[in-house]
Amino acid sequence: MDRSSAQAGTRDNLTLELAATAARLIAEDGCDYATAKRKAAQLVLGDIAAARGCLPENELVETELRRYLRTFGGPRHAALLAEMRATALALMEYLAPFNPYLVGAVLNGTATEHSTLHLQLFTDSAKDVEIFLLDDGVRFTVDELNEPAGAFESIHLRVPRRLQAGGAAPLDAVLSVLSTDAVRVVSRFRSSDPALSPIEQAGRASLSAVRALLAEAGDG
């Protein structure tokens, strides 16, 4: 093996180690991906600057996170994920007038007890969503949404207790409010990971798709 090949192999191994360490930090400490990668570099190398050119892409970290949860989470993680998906379904049914879709970690199976539930709502008026929640006494905060054209705002709330499945701990949710036409755009969360089901790979799941996902898990 020549020197350049050996160096490339060393970089690849380091990148994988950083991804695995970042995945553990996400699972155990609830770090976001960017923070987890920075902390992983500090833990493994002592200095984030030393990781230049070796920091893993989010897709690799997600793969390692899925491996970690499969190895160390086992039935406990499967039960937690089922509860979170059931809560997602209940919240989606509640928000059905606004064409909700599930995205993020609860859909792709990498959610932990630290995770937030993420939904996308496709509607012509963000104010209609706000009024709907206000009329029902649901407290929330609103941020501008840093998304492409067709984005309105993001609404942050605690999922009402009556919508939470089983004995699940209180769950926070983020509702990204997008224009009706934006649903035609392919989801940026789309994945080709063979470990995922077709519904999970799509990166965005409708009410009927989430019902199907829960039914598949129940049959399994």
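Residues numbered from 1 in each chain as written. Predicted model: local features only at pLDDT ≥ 70, side-chain atom pairs only at ≥ 80, totals over all residues. Heavy atoms only, no water.

Caption draft 1: Just the side chain of S206, in detail. Tracing the backbone shows S206 in the loop between α6 (198-201) and α7 (207-219). In this structure the side chain of S206 is engaged in a polar contact, spanning 3.1 Å, whose partner is the side chain of S208. Not counting the four nearest positions on each side in its chain, S206 is found in contact with M92, P100 and Y101. (Helix = DSSP H or I, 4+ residues; strand = E, 2+ residues; numbered from the N terminus. Polar contact = N/O pair within 3.5 Å; in protein donor to acceptor, adjacent residues only side chain to side chain. Contact = heavy atoms within 4.5 Å.)

Caption draft 2: Region of interest: helix α5 (residues 126-135). Where α5 is concerned, the buried positions are A126, V129, E130 and L133. Relative to the axis of α5, the buried residues are bounded by an arc of 95 degrees and lie together on one face. Across from the buried face of α5, at angles greater than 90 degrees, the exposed residues are K127 and D135. Near the N-terminus of α5, the side chain that reaches the backbone nitrogen of K127, with its oxygen 3.3 Å away, is that of S125. Residue G137 follows α5 closely and has a positive phi angle near 75 degrees. (Buried < 20%, exposed > 50% of the residue type's maximum accessible area, 1.4 Å probe, protein only. Arc of directions from axis to C-beta.)

Caption draft 3: Highlighting the pattern of salt bridges. Taken as a whole and judged by the stated rule, the model has 10 salt bridges. Notably, a salt bridge pairs E62 with R66, separated by 3.2 Å at the nearest N-O pair. One end of the pair is E62 and the other is R66, both in helix α3 (residues 58-94) and four residues apart, which spans about a single turn. For the residue pair E62 and R66, the accessibility class agrees, reading buried in each case. Here R211 and E93 are joined by a salt bridge, their closest N and O atoms 3.4 Å apart. Here the residue R211 occupies a position in helix α7, and E93 occupies one in helix α3, the gap between them amounting to 118 residues. Here the salt bridges share partners, and the residues they tie into one network are E62, R66 and D193. (Salt bridge = Lys/Arg side-chain N within 4 Å of Asp/Glu carboxyl O.)

Caption draft 4: Broad picture of the sheet that holds strand β4 (residues 151-158). Here we have five strands laid out as an open sheet, ordered β1-β2-β5-β4-β3, and mixed in their pairing. Each edge of the open sheet carries a strand with a single partner, namely β1 (100-103) and β3 (140-144). Going across the sheet, the axis of each strand differs from the next one's by a mean of 25 degrees, ignoring polarity. Pairing of β3 with β4, which is carried by five bridges, proceeds in the antiparallel orientation. Paired with D143 across the two strands is S154, which belongs to β4. (Pairing = 2+ DSSP bridges. Axes fitted to C-alpha atoms, helices over the stretch in contact; angles between N-to-C directions.)

Caption draft 5: Structural context of helix α2 (residues 33-45). With 13 residues, α2 extends 18 Å from end C-alpha to end C-alpha; this agrees with the ideal 18 Å at 1.5 Å per step. The set of residues buried in α2 consists of T35, A36, K37, A40 and A41. One side-chain oxygen of the residue at the start of α2 lies 3.1 Å from the amide nitrogen of A34, identifying that residue as D32. Within two residues after α2, G46 carries a phi angle of roughly 85 degrees, on the positive side. (Expected span 1.5 Å × (residues − 1).)

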